[in-house]
Amino acid sequence: MKELLSDSQLLARLVGFDTTSRNSNIPLADFICEYLDRPGVRILRQTSPRGDKANLVITMGPERGDGDGRGGLVLSGHMDVVPAEEDGWESDPFTLTERDQRYVGRGSCDMKGFLALAINAAAALRPERLTEPLVLLLTYDEEVGLLGAKHFAETWPEPAKLPRSTIIGEPTSLKVIRMHKGYLHARIGLTGKAAHSGYPHLGRNAIEPAGRVIVALSELRDRMEQERPSHSEHFPEVPYVALNVAQVSGGVAVNVVPDQCVLEVGARLLPEMETANIVQRMQDAVAEALGDTPYALEVINASPPMLLDEEAGIYRMLCAEVAQRESLSASYATDAGWLQTIGLDCAIFGPGSIGVAHKPNESMPISDFVRAAELLDKAISHFCLATERQDQR
């Protein structure tokens, strides 16, 4: 059997890979595959459409057929990180540093800390002991639109053979989140006709009608802020669809009538809301504002909101372990939105705080890291080992 690194040593190795989303994650995937490769471990790569990224599906324990109870456990996390180019870093972002009882480094919290614990938990197991499968599902490009999870959900050939109970290891300070909002990115393009600004009657300005679109979308935003969709009570800070006109671009010079204008618009949807409904409301508002002015509305990316039943086994088990009674939500999106579409029961649960993710000196409390290792071991025992399940009964 290969010699295992300690959890902190493995975390240091993972942080050392610069998996900023603009880079390939293949070097990190290669390392993980080599680290876990041994008899009884089944490793599959799912290459991205462009071929420069990969999801990993690493399975231990018995193989299951379709409709075979969906027992076992999936531990899922993303391998990419956001850029580490902000001012204020006190150490090399891609060298794990211990400071003030915390592990500091890009991805230490979001979410290579969880990855290190999940990988080492699997590496320490004897596959023949498992009575239900353990699956590590590691994705690419979560930070730039959940692209790896979307690709997996839309193309994985046998989702019914995956265990149903799933932990998505985003940093939640070891609290269990059972719902989050979805995300919609839409682009609105207006087309005019270029001309010299000294002869404006020969052109058609594409930027000026964009002002009417912005006003119409602002009014739509105000209307939606007064609405209270299902599950809004679980999002007390923002209990409505949040609509944001985020970017406006157009024109090439002050002496040219602009022939193009593009608006980038984002929206955060509550659980069980359909992306198509919000797109239609945007379409109606824009069409009314523009009249006969030509435009195009395109959905650039969309990720579903997530909702986990309170009676789901993974939710009940984790809540019991951390003595949590309240139902918690998040306003950000995760891979769980896509993974639930193929029948996975996803609980968002991991060490570290989302409040320090994407910031200089991103860090993970060592106490969280140690406690999370214990909780993952308990989850694996509960869902993958028959003796533990019998003890629970």
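The structure under discussion appears in the preceding block.
Cut-offs applied
Residues numbered from 1 in each chain as written. Predicted model: local features only at pLDDT ≥ 70, side-chain atom pairs only at ≥ 80, totals over all residues. Heavy atoms only, no water. Phe/Tyr/Trp six-rings, centres within 6.5 Å; stacked < 30°, edge-to-face > 60°. Helix = DSSP H or I, 4+ residues; strand = E, 2+ residues; numbered from the N terminus. Buried < 20%, exposed > 50% of the residue type's maximum accessible area, 1.4 Å probe, protein only. Disulfide = S-S within 2.5 Å. 1 Å grid on protein atoms, 1.4 Å probe; cavity = no way out; pocket = protein on both sides within 12 Å on 5 of 7 lines; lining within 4 Å. Points joined across faces, edges and corners; volume = space filled by probe spheres on them.

Novice: Could you give an account of the packing of aromatic side chains, naming the residues involved and the relevant values?
Specialist: Here the structure, examined in full by the defined rule, presents four aromatic pairs. Centre to centre, the rings of F17 and F31 are 5.6 Å apart; their planes meet at 40 degrees, and the pair counts as tilted. Of the two residues, F17 sits in the loop between α1 (7-15) and α2 (26-36) while F31 sits in helix α2, which places them 14 residues apart along the sequence. Take F31: its relative accessible area is 12%, and that puts it in the buried class. For the pair F31 and Y35, a centre-to-centre distance of 6.0 Å together with 20 degrees between the ring planes defines the contact as stacked. With F31 and Y35 both in helix α2 and four residues apart, the pair spans about one turn of that helix.

Novice: Can you lay out the state of the cysteines for me, pointing to particular residues and giving the numbers?
Specialist: Structurally, a disulfide amounts to a covalent bond that connects the sulfur atoms of two cysteines. Applying the stated criterion across every chain, the model contains zero disulfides. A disulfide-free cysteine, C109 has its sulfur positioned 19 Å from the sulfur of C346, the nearest such atom. What makes C109 buried here is its relative accessible area of 1%. C346 takes part in no disulfide bond, and the closest cysteine sulfur to it belongs to C319, at a distance of 15 Å. The class of C346 is buried, set by a relative accessible area of 1%.

Novice: For the layout of surface pockets, give the residues involved together with the corresponding values.
Specialist: Approximately 400 Å³ is the volume attributed to the largest pocket. Considering the residues around the largest pocket, the lining is formed by 19 residues, among which E142, E143, L146, R268 and A333 are closest to the centre. Residue assignment for the lining of the largest pocket shows that the elements contributing at least two residues are β9 (182-191) and β14 (295-303). Considering each element in turn, the lining of the largest pocket owes the most residues, three residues, to β14.

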